[in-house]
Amino acid sequence: MGAPNTAGASFHEMWRDLAPIGRNTTTNGYRRYAWTEADADCRAWFKAQTETRGLTYEVDRNGNQWAWLGDPTAGNAVVTGSHLDSVPDGGAFDGPLGVVSSFAALDELRARGAHPTKPLAIVNFGDEEGARFGLACVGSRLTAGQLTTDQAHRLRDADGLSLPQAMERAGYDPDAIGPDPERLARIGAFVELHIEQGRALAARSDSGSAAGNAPVGVASAIWPHGRWRFDFHGEANHAGTTRIEDRRDPMLTYANTVLAARKKARIAGALATFGKVSVEPNGVNAIASLVRGWLDSRAADEETLAAVVGEIERAAQERGERDGVDVRVTRESFTPVVEFAHDLRDRLSGLLGGVPVLPTGAGHDAGILSASVPTAMLFVRNPTGVSHSPAETAGEDDCLAGVAALAEVLEGLACH
């Protein structure tokens, strides 16, 4: 499938304009956190792209941005898009590739003279990564009713600022947030394009066969996944005067739990990652009183996931008893397995000539919406598989192949 010139030109222009926003010049990674200045600049960029194309712009009750071609209230709309926020020092592609490709695909449809018979929309979901408030997919969870207003109001960032306070400071009304079933009822299909967060497509290309050279794939399912907070309570004391046998050191229990998580996940064929930690009082010459670690765990099925997390918790408790450390575990979020709508998934694969269909361990807004509307995902090949890192990348030709594939899908769903 060739890369369309119209889409290519608009893709490059948008990518160039968006690239500097929220980039940290020291790490070269992105810090586009929800309801911050960088987030506001991304939102301004989205609005400008909407207005340039003469689309109808709106912000819903949860702060998600929408760009509409056609009547937003007509129903049976075909929606595409992704998110613009990032993890701490994330890469350029995770989220933004889907939003930029959506606008570029629309430009290509217009250049072809395609005439949608259904409303077509592009969406930027807010706070997908959860980098600031610790919960992923806040915008889509609120919309789908999977996060209550009360729960959202209790979310706090590292500085103790609540989500409502952050929204209000950014000029949005936090009292308006909540489920939006009327909006979801207007959506006939949602398709999210995303860089692949892994090397499944690249590995097929490495095989050397012509059939394996696939820059774009279709998602089959999202593994169940969740986040758990482990609180290790010990006793603060002097690092230079406290005998080893007198210590109640939560850092020791935490460290052993990290190793146990790796072992339990490997045996079960699952994934377990302690990627965030906080320490009190956080002094070089002080034994900690509290170590708090956040576990991210994922598996191919919910039974395996529950077993792995249970074994990690048991290992933490057993080690805590030996160390004189109290261990408390709190589940902060959980997303069950997502099987994307098979008929929509198969239709996309057919529209694209039978491209690969593959699962993923990464969560997405599409996964949240799948419980309410038919959803599907396209993946663009990632040559290294690296994601959530400044090293995340995708080839130019592959990105444009993704735009072309999305244009084909949107034409097939919205114009016929």
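Everything quoted here is computed from the prediction, not taken from an experiment.

1. Looking at the domain arrangement of the protein
Interfaces are often sized by the amount of accessible area the parts lose when they come together.
Moving on, step 1. Per the domain assignment, the segments making up the protein are domain 1 (11-223 + 337-415) and domain 2 (225-335).
Moving on, step 2. A C-alpha centroid distance of 33 Å is found between domain 1 and domain 2.
Moving on, step 3. Together domain 1 and domain 2 conceal approximately 1,000 Å² of surface at their shared face, both sides included; 47% is due to carbon and sulfur atoms.
Moving on, step 4. Applying the counting criterion to the domain 1 and domain 2 interface returns zero salt bridges.
Moving on, step 5. Counting the contacts that link domain 1 with domain 2 gives six residue pairs in polar contact (both at pLDDT 80 or more).

2. Here's the deal with the pairing of strand β4 (residues 120-125)
Looking along a regular strand, one sees the side chains alternate between the two faces of the sheet.
Moving on, step 1. Among the six residues of β4, six are classified as buried, and the element is accordingly described as predominantly covered.
Moving on, step 2. Bridge count for strand β2 (residues 65-69) against β4 is five bridges, and the pairing is antiparallel. Bridge pairing in β4 links tryptophan 66 to valine 123.
Moving on, step 3. Summarising the sheet, strand β3 (residues 77-83) and β4 pair through six bridges and their orientation is parallel. Bridge pairing in β4 links valine 79 to alanine 121.
Moving on, step 4. Remark: the β3/helix α3 (residues 96-112)/β4 crossover connection has right-handed handedness.

3. Side note on the packing of helix α2 (residues 37-52) against α3
Moving on, step 1. At a minimum axis separation of 11 Å, α2 and α3 run at an interaxial angle of 10 degrees. In this view, α2 runs roughly parallel relative to α3, as classed from their interaxial angle. Contacts between α2 and α3 pair Trp45, Phe46, Gln49 and Thr50 from the former with Val99, Val100 and Phe103 from the latter.
Moving on, step 2. When grouped by side-chain class, the residues that make up the contact of α2 with α3 number five nonpolar, two polar and no charged.

4. Focus: the sheet that holds strand β12 (residues 326-335)
Moving on, step 1. If you trace the four strands from one edge of the open sheet to the other, you get β9-β11-β7-β12, paired in antiparallel fashion. Edge strands, defined here as strands with exactly one partner in the open sheet, are β9 (271-280) and β12. If you compare each strand with its neighbour and ignore which way they point, the axes differ by 20 degrees on average.
Moving on, step 2. Inspection of the sheet shows strand β7 (residues 225-233) paired to strand β11 (residues 290-298) by nine bridges, in the antiparallel sense. From the neighbouring strand, arginine 227 faces β11, where its bridge partner is aspartate 296.
Moving on, step 3. Each of β7, β9, β11 and β12 is contacted by helix α9 (residues 250-268), which is oriented at about 170 degrees to β9, the strand it contacts most.
Moving on, step 4. The strands that helix α10 (residues 302-323) touches are β7, β9, β11 and β12; relative to β7, the one it contacts most, it runs at about 5 degrees.

5. Description of the UniProt feature "binding site: Zn(2+) 1" (unreviewed entry) in the protein
Moving on, step 1. UniProt records the feature "binding site: Zn(2+) 1" (unreviewed entry) for His83, Asp94 and His194 in the present numbering. With the annotated positions falling across 112 residues, the maximum pairwise C-alpha distance of 9.7 Å places them together in a single cluster.
Moving on, step 2. Tracing the backbone shows aspartate 94 in the loop between β3 and α3.
Moving on, step 3. Only 3.3 Å separates the side chain of aspartate 94 from the side chain of histidine 83, close enough to count as a polar contact.
Moving on, step 4. With respect to the element layout, histidine 194 can be found in strand β5 (residues 187-195).
Moving on, step 5. Discounting residues that sit within four places of it in the chain, histidine 194 has contacts with Ser82, His83, Asp94, Gly95, Leu97, His364, Met377, Leu378, Phe379 and Val380.

6. Things to note about the pattern of salt bridges
Moving on, step 1. Taken as a whole, this structure holds 21 salt bridges when the rule is applied.
Moving on, step 2. With a closest N to O distance of 2.5 Å, arginine 328 and aspartate 326 form a salt bridge.
Moving on, step 3. Among the charged side chains, a salt-bridge network with shared partners connects Glu58, Asp60, Asp180 and Arg183.

7. Quick look at unusual backbone geometry
Moving on, step 1. The omega torsion of the bond from glutamate 280 to proline 281 falls at 5 degrees, within 30 degrees of zero and hence cis.
Moving on, step 2. For proline 281, the position within the fold is in the loop between β9 and β10 (286-287).
Moving on, step 3. In this model, asparagine 28 sits at a positive phi of 65 degrees, which is unusual for a non-glycine residue.
Moving on, step 4. Given a relative accessible area of 43%, asparagine 28 falls into the partly exposed group.
Moving on, step 5. In this structure, aspartate 127 is a non-glycine residue whose phi angle is positive, near 50 degrees.
Moving on, step 6. What makes aspartate 127 buried here is its relative accessible area of 6%.

8. Remarks on the UniProt feature "binding site: allantoate" (unreviewed entry) in the protein
Moving on, step 1. Here, the residues flagged by UniProt with the feature "binding site: allantoate" (unreviewed entry) are Arg227, Asn285 and Arg298. The annotated residues occupy 72 residues of the chain and do not converge on a single region, their most distant C-alpha atoms lying 36.1 Å apart.
Moving on, step 2. If we ignore the near neighbours within four places in the chain, the residues touching arginine 227 are Glu129, Gly130, Gly134, Leu135, Ala136, Leu295, Asp296, Thr330, Arg331, Glu332 and Ser333.
Moving on, step 3. Counting through the fold element by element, arginine 298 comes out in strand β11.
Moving on, step 4. We classify arginine 298 as buried; its relative accessible area is 16%.
Moving on, step 5. Other than its neighbours up to four places away in sequence, arginine 298 contacts Trp223, Pro224, His225, Ala270, Leu271, Leu305, Gly361, Ala362 and Gly363.
Moving on, step 6. Here aspartate 296 takes part through its side chain, which lies 2.7 Å from a polar atom of the side chain of arginine 298.

Rules and cut-offs
Residues numbered from 1 in each chain as written. Predicted model: local features only at pLDDT ≥ 70, side-chain atom pairs only at ≥ 80, totals over all residues. Heavy atoms only, no water. Domains from an automatic or database assignment. Buried area = accessible area lost by both parts, 1.4 Å probe. Salt bridge = Lys/Arg side-chain N within 4 Å of Asp/Glu carboxyl O. Polar contact = N/O pair within 3.5 Å; in protein donor to acceptor, adjacent residues only side chain to side chain. Buried < 20%, exposed > 50% of the residue type's maximum accessible area, 1.4 Å probe, protein only. Helix = DSSP H or I, 4+ residues; strand = E, 2+ residues; numbered from the N terminus. Pairing = 2+ DSSP bridges. Right-handed = clockwise from strand over helix to strand, strands pointing away. Axes fitted to C-alpha atoms, helices over the stretch in contact; angles between N-to-C directions. Parallel < 35°, antiparallel > 145°, perpendicular 65-115°, else oblique. Contact = heavy atoms within 4.5 Å. Nonpolar A, V, L, I, M, F, W, Y, C, P; charged D, E, K, R; others polar. UniProt positions renumbered as here; feature names shortened; annotations may be inferred.

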